[in-house]
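Listed below, chain by chain, are the residues.
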Amino acid sequence: MEQQLKQLEQEALEKLQAATSLKELNEVRVAYLGKKGPITDLLKGMGKLSPEERPKMGALVNTVREYVTAELEKKAAVLEEQAIQEQLEKESVDVTLPGRKIKTGNRHPLTRVIEEIEDLFVSMGYEIAEGPEVEKDYYNFEALNLPKGHPARDMQDTFYITEETLLRTHTSPVQARTMELKKGEPIRIICPGKVFRRDNDDATHSHQFMQIEGLVIGENIHMSDLKGTLDALAKKMFGEEREIRLRPSFFPFTEPSVEVDVSCHKCGGSGCNVCKHTGWIEILGAGMVHPNVLEMAGYDSKKVSGFAFGIGAERIAMLKYGVDDIRHFYTNDNRFLSQFHRTEG
Ligand code: DAH
């Protein structure tokens, strides 16, 4: 019987060593240690032995069973480790593959124009001011020397909320609001923001667009200060070689008023399709703040003077980037917007 046991042990060890998978190993376990296996049979046959032999054989069977079990476990650990390694190899990542490009956004062309202008004016000591888009008739028109019934109101028809409340037609009301706030103190502000007009949308008109207002008030502010300031603006936005020219114009809130042109950045002034063969491009309206506007806001027009200007952000962006339709700015079409990625700076 002892002989038989040794042989079984030998056989079991050989088979378990030969097992190449956990499944095969389990088959060996069932075959040798299971309830119907030869070792169990041997234990069952112990009844036939003499009482002296019984404990000896029992101990021997147990030793063999424990030894085979321990060997099975060792082998199981080896096979498990192997299975994990195989899986890892199968799922391994090829670090030499090029990565997937992450799409990043970029600033909207209008935001870029506004930020560039803000940077320039902040560097010249201006503060950035804000005002409400839903505005009082008083600030949008009356305080800017456009009393009720003034014919110049027709050019800026807008969306009325009530008789006295409207969507602002320009950023100029921030001039009057700031003057009220500063109570006679000097002012140097620019104010970017949305404005609204009852216009039919087409390639050059939009019922909503953006302006950047500028206002400077203090003692001894002259037209030459306005000209120097706008010259710096034109050079910053369109290049150091640019020049400006002022043409007489009319705005109720400035006197004198001017329309400001910049020499064409495309042809340098010789004439092309961008400047309609004139060499000049109109970029903004400006002027010296009207004494009525100063007085209505509590400033003494005999002591202080000021200049103001209003820039159309879309117009600047269209010229600078060669955009042919204002509606591109609002439709959120990535084919348009992503073009500004490359020039982002
Ligand atoms: N508010 C004017 C407009 O929307 C633009 C403008 C012209 C603003 C002259 C000014 C200015 O401050 O002085 O058409």
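In this text the structure is predicted, and so the values were computed from the model without any measurement.

With that out of the way, let us pick up the site of the ligand. What surrounds the ligand is a group of 16 residues, the closest being His170, Ser172, Arg197, Gln211 and Glu213. At a separation of 2.9 Å, an oxygen atom of the ligand approaches a polar side-chain atom of glutamine 175. Side-chain polar atom of glutamate 213 to an oxygen atom of the ligand: 2.6 Å apart, as the coordinates give it. Because more than half of its atoms lie within 2 Å of the grid, the ligand is assigned to the largest pocket. Looking at the shell around the ligand, its residues break down into 5 nonpolar, 9 polar and 2 charged.

UniProt tags Glu255 as "binding site: Mg(2+)" (unreviewed entry). In this structure glutamate 255 comes out as partly exposed when scored by relative accessible area, which is 48%. Setting aside residues no more than four positions away along its own chain, glutamate 255 makes contact with Met288 and His290.

Of the residues making up helix H10 (residues 313-321), those classed as buried are Ala313, Glu314, Ile316, Ala317, Met318 and Leu319. Residues of H10 that are buried sit in contact with helix H5 (109-123), strand S5 (208-218), helix H8 (223-238), strand S8 (280-289) and strand S9 (305-312). Immediately beyond the C-terminal end of H10, within one or two residues, lies glycine 322, with a positive phi of roughly 65°.

Right, let's talk about the nonpolar core for a bit. Inside soluble globular proteins, nonpolar side chains tend to come together where they are buried. Of all hydrophobic cores here, the largest spans 43 residues; its most connected members are Leu230, Leu233, Leu284 and Phe309. Not counting residues up to four positions away in its chain, the partners in contact with leucine 233 are Ile117, Leu120, Phe121, Leu284 and Ile311. In terms of nonpolar packing, the next biggest core, distinct from the first, is built from 21 residues, Ala129, Phe141, Met179 and Leu215 among them.

Our focus in this paragraph is the pattern of salt bridges. Once their charged atoms are close, side chains differing in charge can pair, the charge on each being opposite to the other. Throughout the structure, instances matching the rule amount to 20 salt bridges. The partner of aspartate 137 in a salt bridge is arginine 153, and the shortest N-O contact between them spans 2.9 Å. Placement of aspartate 137 in helix H6 (residues 137-140) and of arginine 153 in the loop between H6 and strand S3 (165-167) is noted, with a sequence separation of 16 residues between them. The same class applies to aspartate 137 as to arginine 153, namely buried. Lysine 235 is the salt-bridge partner of aspartate 231, the closest N and O atoms lying 3.1 Å from each other. Taken as a pair, aspartate 231 and lysine 235 lie in helix H8 at a separation of 4 residues, close to a single helical turn.

For strand S7 (residues 254-263), the tally of buried residues reaches 8 of 10 residues, placing the bulk of the element in the interior. Judged from the 7 bridges that link them, strand S6 (residues 244-251) and S7 form a sheet pairing that is antiparallel. Pairing of arginine 245 across the sheet is with aspartate 261, part of S7. Hairpin connection from S6 to S7: 2 residues lie between these consecutive antiparallel strands. Summarising the sheet, S7 and S8 pair through 8 bridges and their orientation is antiparallel. The residue bridging serine 257 from the neighbouring strand is glycine 287, located in S8.

Looking at the secondary structure, you find glutamate 314 in helix H10. Here glutamate 314 sits buried without a salt bridge, and the closest side chain of opposite charge, lysine 194, lies 9.8 Å off (N-O distance). Excluding its chain neighbours within four sequence positions, the residues that come into contact with glutamate 314 are Leu110, Phe209, Met210, Ile326, Phe329 and Tyr330.

How each quantity is defined
Residues numbered from 1 in each chain as written. Predicted model: local features only at pLDDT ≥ 70, side-chain atom pairs only at ≥ 80, totals over all residues. Heavy atoms only, no water. Near = heavy atom within 4 Å. Polar contact = N/O pair within 3.5 Å; in protein donor to acceptor, adjacent residues only side chain to side chain. 1 Å grid on protein atoms, 1.4 Å probe; cavity = no way out; pocket = protein on both sides within 12 Å on 5 of 7 lines; lining within 4 Å. Sits in = over half its atoms within 2 Å of the grid points. Nonpolar A, V, L, I, M, F, W, Y, C, P; charged D, E, K, R; others polar. UniProt positions renumbered as here; feature names shortened; annotations may be inferred. Buried < 20%, exposed > 50% of the residue type's maximum accessible area, 1.4 Å probe, protein only. Contact = heavy atoms within 4.5 Å. Helix = DSSP H or I, 4+ residues; strand = E, 2+ residues; numbered from the N terminus. Core = buried A, V, L, I, M, F, W, Y, C linked by side-chain atoms within 4.5 Å. Salt bridge = Lys/Arg side-chain N within 4 Å of Asp/Glu carboxyl O. Pairing = 2+ DSSP bridges. Lys, Arg positive; Asp, Glu negative; His and termini not counted.

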